[in-house]
Amino acid sequence: QSQEDIDSSPVQQFGTVKPGDMKFLDRNHDGYINKYDQGPIGHSVLPKSEFGLSLGAHYKGFDIQGVLQAQLGRDNYLGNNPSIYWPLINDAKISTYVKDHNPWTEQNKATANYPRLTTISNSNNYQSSTFWYKNADFLRLRSLEIGYNLPMTLTSRVKIEKIRFFLRAMNLLTVSNFTYGDPETLGGYPAMKSCNVGINIQF
């Protein structure tokens, strides 16, 4: 928070440290912050548990079907997508994520929850640390389909065996604490949401 804070803390050796920079734990208590303080953090991007659930119901001419998917026990490392989460690195723009997380300045240092921004290389702030690992557990409604079959009393008149109208949606809803991106796919394009309306006719 200040030069006095830096002077009274263990010496961080990842680069020049200024007020507003990341502060790390001296895990081995030798008075220095360096590679010897590194240790296991976070979870793998591969989930510890994965679940799926298919649901369906029929009532008179109506039917509904859905598939839920969940992954638990996984983290996303934001450093794998620096163009969004690490601003001004290699000319990366300041994204909505960074703006909304209130980067440190002298004026807002009491409420800031993101390190200071700089166009100068800052290896200290971009070390792999718990700050850059975010919980990526999610529950996703992978698919949902609602249909209606016309009564046979109507279809038989036109010599059609079955007429079914349906509304189908993919990736309609995702529940996750990871809100600035797709928790399932940190890099590249997120899962596409799509809705289709159709009709099935069987003769």
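Caption draft 1: Quick peek at the pattern of salt bridges. Taken as a whole and judged by the stated rule, the model has 9 salt bridges. Glu184 is the partner of Arg142 in a salt bridge, and the nearest nitrogen-oxygen pair spans 3.2 Å. Residue Arg142 is located in strand S7 (residues 138-149), and its partner Glu184 is located in the loop between strand S8 (162-175) and strand S9 (194-202); the two are separated by 42 residues in the primary sequence. Across the pair Arg168 and Glu145 runs a salt bridge whose closest N-O atoms are separated by 2.8 Å. With Arg168 in strand S8 and Glu145 in strand S7, the pair connects residues that are 23 residues apart, well separated along the chain. For Arg168, a relative accessible area of 32% corresponds to the partly exposed category.

Caption draft 2: Spatial organisation of unusual backbone geometry. Here Leu88, not a glycine, exhibits a phi torsion of approximately 70°, which is positive. Within the fold, Leu88 resides in the loop between helix H2 (82-85) and helix H3 (96-100). One non-glycine residue, Lys159, adopts positive backbone phi at about 55°. For Lys159, the position within the fold is in the loop between helix H4 (152-155) and S8.

Caption draft 3: Seen up close, the sheet that holds strand S4 (residues 62-72). Ordered in space as S3-S4-S7-S8-S9, the 5 strands form an open sheet in which the pairing is antiparallel. Both outer strands of the open sheet, strand S3 (49-59) and S9, are each paired with one neighbouring strand and no more. Pairwise comparison of adjacent strand axes, ignoring direction, gives a mean angle of 15° for this sheet. Direction of pairing for S4 relative to S7: antiparallel, over a ladder of 10 bridges. Following the sheet pairing, Gln69 is matched in S7 by Arg140.

Caption draft 4: The layout of surface pockets, seen in detail. Considering only enclosed or pocket space, the largest pocket measures out at about 420 Å³ in volume. Around the largest pocket, the lining comprises 22 residues; the ones closest to its centre are Gln1, Gly20, Asp21, Met22 and Lys23. If you list the elements that add at least two residues to the lining of the largest pocket, you get helix H1 (3-7) and strand S1 (11-12). Of all the elements, H1 adds the most residues to the lining of the largest pocket, at 3 residues. When its residues are assigned to classes, the lining of the largest pocket shows 11 nonpolar, 5 polar and 6 charged. Around the second largest pocket, the lining comprises 16 residues; the ones closest to its centre are Phe24, Arg27, Asp37, Ser128 and Ser129.

Here is what the cut-offs are and how they apply
- Residues numbered from 1 in each chain as written.
- Predicted model: local features only at pLDDT ≥ 70, side-chain atom pairs only at ≥ 80, totals over all residues.
- Heavy atoms only, no water.
- Salt bridge = Lys/Arg side-chain N within 4 Å of Asp/Glu carboxyl O.
- Helix = DSSP H or I, 4+ residues; strand = E, 2+ residues; numbered from the N terminus.
- Buried < 20%, exposed > 50% of the residue type's maximum accessible area, 1.4 Å probe, protein only.
- Pairing = 2+ DSSP bridges.
- Axes fitted to C-alpha atoms, helices over the stretch in contact; angles between N-to-C directions.
- 1 Å grid on protein atoms, 1.4 Å probe; cavity = no way out; pocket = protein on both sides within 12 Å on 5 of 7 lines; lining within 4 Å.
- Points joined across faces, edges and corners; volume = space filled by probe spheres on them.
- Nonpolar A, V, L, I, M, F, W, Y, C, P; charged D, E, K, R; others polar.

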